Amino acid sequence: MSKPVNSSQAIWLHIGAGSFHRAHQAWYLHRLIAAGDSRWSIALANIRDDATPLLDTLAEQQGQYVLETVTPQGVRQYETITSISKVIPWDNELAALTEQGAKPETRVISFTVTEGGYYLDNQFNLDRANADIQADLLGACRTIYGTMAQLLARRKQLNGDPVTLLNCDNLRHNGERFRHGLMQFLQLRKEPELIAWIDSHTRCPNTMVDRITPRPAPEVAERVAEATGFQDRAPVMGEAFIQWVIEDDFINGRPALENVGVEMVESVLPYEEAKIRILNASHSCIAWAGTLIGQSFIHESTGTPGIHQLAYDYVTQDVIPSLTPSPLDLAAYRDVVLERFSNPYIRDTNQRVAADGFSKIPGFITPTLQECYQRGQEPKATAMLPALFFVFMQRWHQDQLPYEYQDGILDAAAVHQMFEAADPVAVFASDEKLFSTLAHSSAFSQLLRQSIDRVNHWLAQ
Ligand code: NAD
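Residues numbered from 1 in each chain as written. Predicted model: local features only at pLDDT ≥ 70, side-chain atom pairs only at ≥ 80, totals over all residues. Heavy atoms only, no water.

In the annotation of an unreviewed UniProt entry, the protein is listed under the name Mannitol dehydrogenase family protein and assigned to Serratia fonticola.

Okay, structure coming up:
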């Protein structure tokens, strides 16, 4: 078990000044400070220069801003967040960020650089062909790897104090995946000494983060001004729900986050698995289905009885038996998730959530299909999810989606080719990247065909 640090001036450096960090990690530390424990504060930095206007505004506001939260019943609350003590200005070499990360007072470095910021392929190996990775291999700091390599090399040179590297992105096994990517990156850079130092002087606990945080719309600042009198030029908004589960493996102290509701655990895996299968997969299911019947927002689709039932049946019939036993009350988790998706005040879009289906099916959905078959159960409810995605992609192929579909790994030519084949369902069902071992199962192929028929029947009603 890690212990909270006793030092009076500890810094937690966060890299990635997006909305999520300010609605989540910064909120927890704010709560700890508000409860009288001010031993830690945050220094905020960004790798890319796209956050520079925000960082400038935050610096002018002494790091403070208002967080608006809203419950599914529409109850809004406002809180001025005070945990950011330093705003680090962006520079091309990330010199200021590096200096802060190398200081002994910096004991934890967390980051949110989006799921796409890790450049990992299906086998979780580093995508060496990526232009930003290539630039960083030559010494640039465009990605988390080049940035961390520069920062940790400087730290090793200056004082050699250990530090915890805390991934807060929505990635399965996020700490391990980042560490693996970083080590591969440093192997390619031929830096065995830095690798050995990182091995013994850093930890990368896995974390599970949760709070729906949309991009703040202009009305947020208006409501904040009205409710608080603060003419905040950098407010954020999120749902009232919040959760953070962290593996308690810090190498140089940590804030006493357990005192403000963070769950410090030995293994994050059961929480992560429940979130990915119950929250993320249901979210995609709702977004694909909602789009197919012409809806724009997650809350309207969740409130549509046929769609709600699809998500409910998928979790109840197939996911819960797969994840039992679990330290969580999975049925209660399902109900809370569906209630959160129903929140009309968040206005999250089907377009945002429908994205990246080609990575979400293998990551979020196929494990449940496989485990149902292993138990001797036909995954009827789960098969509806890839069936919805198939019909959704068929609309994309026909140029009939109401918006642009975003998918980091979309192979457009292959998808068009699939729908022009004599039997597109057979091609889809036998895609190993999507369905792994089930791509060779005739039972699965038949089930998928029946499920696609059910989707088309539902749409025709
Ligand atoms: P955002 O768009 O507000 O901010 C994204 C941040 O990431 C920016 O600072 C940007 O400069 C940086 N960034 C983007 N691509 C990068 C790259 N390749 N390398 C380095 N930095 C990069 O997004 P957000 O709402 O803050 O969400 C960020 C991440 O937080 C998500 O991708 C997800 O992993 C996690 N998260 C978000 C939510 C949510 O509801 N917003 C919920 C749970 C987890």
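Having seen the model, we can carry on.
Caption draft 1: Highlighting the overall build of the protein. When you go through the protein residue by residue, the secondary structure sums to 20 helices and 12 strands. The C-alpha atoms of the protein give a radius of gyration of 23 Å, which matches the 23 Å a tight globule of 461 residues would have. A principal-axis box enclosing the C-alpha atoms of the protein has dimensions of 65 × 55 × 40 Å. Relative to its full complement of 461 residues, the protein shows a buried share of 55%. For the protein, restricting intrachain contacts to residue pairs at least 6 apart in sequence, the fraction spanning at least 24 positions comes to 76%. (Helix = DSSP H or I, 4+ residues; strand = E, 2+ residues; numbered from the N terminus. Rg over C-alpha atoms; globule rule 2.2 N^0.38 Å. Buried < 20%, exposed > 50% of the residue type's maximum accessible area, 1.4 Å probe, protein only. Contact = heavy atoms within 4.5 Å.)

Caption draft 2: Structural detail: the nonpolar core. One finds Phe-389, Phe-392, Met-393 and Phe-435 to be the most contacted residues of the largest nonpolar core, which totals 72 residues. Ile-15, Leu-171, Phe-185 and Trp-197 belong to the second-largest nonpolar core, a separate cluster that totals 36 residues. (Core = buried A, V, L, I, M, F, W, Y, C linked by side-chain atoms within 4.5 Å.)

Caption draft 3: Inspection of helix H7 (residues 174-188) at higher detail. Between the first and last C-alpha of H7 there are 21 Å, a value that for 15 residues agrees with the 21 Å anticipated at 1.5 Å per step. Counting buried residues in H7 gives 11 out of 15 residues, a clear majority hidden from the surface. Those residues of H7 that fall on the buried side of the exposure criterion are Asn-174, Gly-175, Arg-177, Phe-178, Arg-179, Gly-181, Leu-182, Met-183, Gln-184, Phe-185 and Leu-186. Downstream of H7 by a residue or two, Lys-190 has a phi angle that is positive, lying close to 55 degrees. (Expected span 1.5 Å × (residues − 1).)

Caption draft 4: Representation of helix H17 (residues 412-420) in the model. Turning to H17, its buried residues are Val-415, Met-418 and Phe-419. An end-on view of H17 places all buried positions within 90 degrees of arc, on one side of the element. Opposite the buried face of H17, at more than 90 degrees from it, the exposed residues are Ala-413, Gln-417 and Glu-420. Among the structural elements, helix H15 (357-374), helix H16 (380-397) and helix H18 (424-429) are those in contact with the buried residues of H17. (Arc of directions from axis to C-beta.)

Caption draft 5: How the structure looks around the sheet that holds strand S12 (residues 263-265). Sheet architecture is open: three strands sit in the order S9-S11-S12, paired in mixed fashion. Single-partner strands in this sheet number two, and they are strand S9 (207-210) and S12. Recorded for the sheet is a direction-independent mean angle of 15 degrees between the axes of neighbouring strands. Pairing analysis gives three bridges linking strand S11 (residues 243-247) to S12, with the strands arranged parallel. Looking at S12, one finds that Val-245 is bridged to Glu-263. Docked against the sheet, helix H10 (residues 269-292) engages S9, S11 and S12, running at close to 40 degrees with respect to S9. (Pairing = 2+ DSSP bridges. Axes fitted to C-alpha atoms, helices over the stretch in contact; angles between N-to-C directions.)

Caption draft 6: Focus on the pairing of strand S1 (residues 10-15). Of all six residues making up S1, six are buried, and the element is well covered by its neighbours. In terms of strand pairing, S1 meets strand S2 (residues 40-45) through six bridges, oriented parallel. Residue pairing in the sheet places Trp-12 in a bridge with Ile-42 of S2.

Caption draft 7: Representation of the UniProt feature "domain: Mannitol dehydrogenase C-terminal" (unreviewed entry) in the protein within the structure. Per the UniProt record, "domain: Mannitol dehydrogenase C-terminal" (unreviewed entry) is found at residues 268-454. Taken as a whole, residues 268-454 contains 71% helix and 0% strand, while its terminal C-alpha atoms sit 36 Å from one another. (UniProt positions renumbered as here; feature names shortened; annotations may be inferred.)

Caption draft 8: Molecular detail of the site of the ligand. For the ligand, the set of nearby residues contains 21 residues, the closest of which are Asn-46, Asp-50, Glu-115, Asp-169 and Arg-215. Separating an oxygen atom of the ligand from a side-chain N or O atom of Asp-50 is a distance of 2.7 Å. A distance of 3.4 Å is found between an oxygen atom of the ligand and a backbone nitrogen or oxygen belonging to Arg-211. With the chains in place, 86% of the 830 Å² that the ligand exposes on its own is no longer accessible. Each residue belonging to the shell around the ligand can be placed in one class, and the counts come to six nonpolar, nine polar and six charged. (Near = heavy atom within 4 Å. Polar contact = N/O pair within 3.5 Å; in protein donor to acceptor, adjacent residues only side chain to side chain. Areas by Shrake-Rupley, 256 points an atom, 1.4 Å probe, with all protein chains shown as cover. Nonpolar A, V, L, I, M, F, W, Y, C, P; charged D, E, K, R; others polar.)

Caption draft 9: Spotlight on the layout of surface pockets. Estimated volume of the second largest pocket: approximately 170 Å³. Every residue lining the second largest pocket is listed: Arg-76, Pro-214, Arg-215, Ala-217, Glu-219, Val-220, Arg-223, Met-237, Pro-344, Tyr-345, Ile-346 and Arg-347. Per element, the largest residue contribution to the lining of the second largest pocket is three residues, and it comes from helix H9 (residues 218-228). Here the residues of the lining of the second largest pocket are counted per class, giving seven nonpolar, no polar and five charged. (1 Å grid on protein atoms, 1.4 Å probe; cavity = no way out; pocket = protein on both sides within 12 Å on 5 of 7 lines; lining within 4 Å. Points joined across faces, edges and corners; volume = space filled by probe spheres on them.)

Caption draft 10: Just empty space enclosed by the protein, in detail. Using the criterion set out here, one finds two cavities of 30 Å³ or more in the structure. When its volume is computed, the largest cavity comes out at roughly 60 Å³. Considering only residue class, the lining of the largest cavity consists of four nonpolar, three polar and three charged. Approximately 40 Å³ is the volume found for the second largest cavity. Together, Ala-45, Asn-46, Leu-55, Ile-88, Pro-89, Trp-90, Asp-91, Leu-94 and Leu-97 line the second largest cavity.

Caption draft 11: Region of the structure containing the sheet that holds strand S10 (residues 236-239). Reading across the sheet, the three strands line up as S4-S3-S10 and stay open at both edges, with mixed pairing between neighbours. Edge positions in the sheet fall to strand S4 (76-81) and S10, since each has one partner strand and no second. Shown here is a sheet whose adjacent strand axes are inclined to one another by a mean of 25 degrees, direction ignored. Pairing geometry for strand S3 (residues 65-70) and S4, over six bridges, is antiparallel. If you follow Val-66 over to S4, its bridge partner there is Thr-80.

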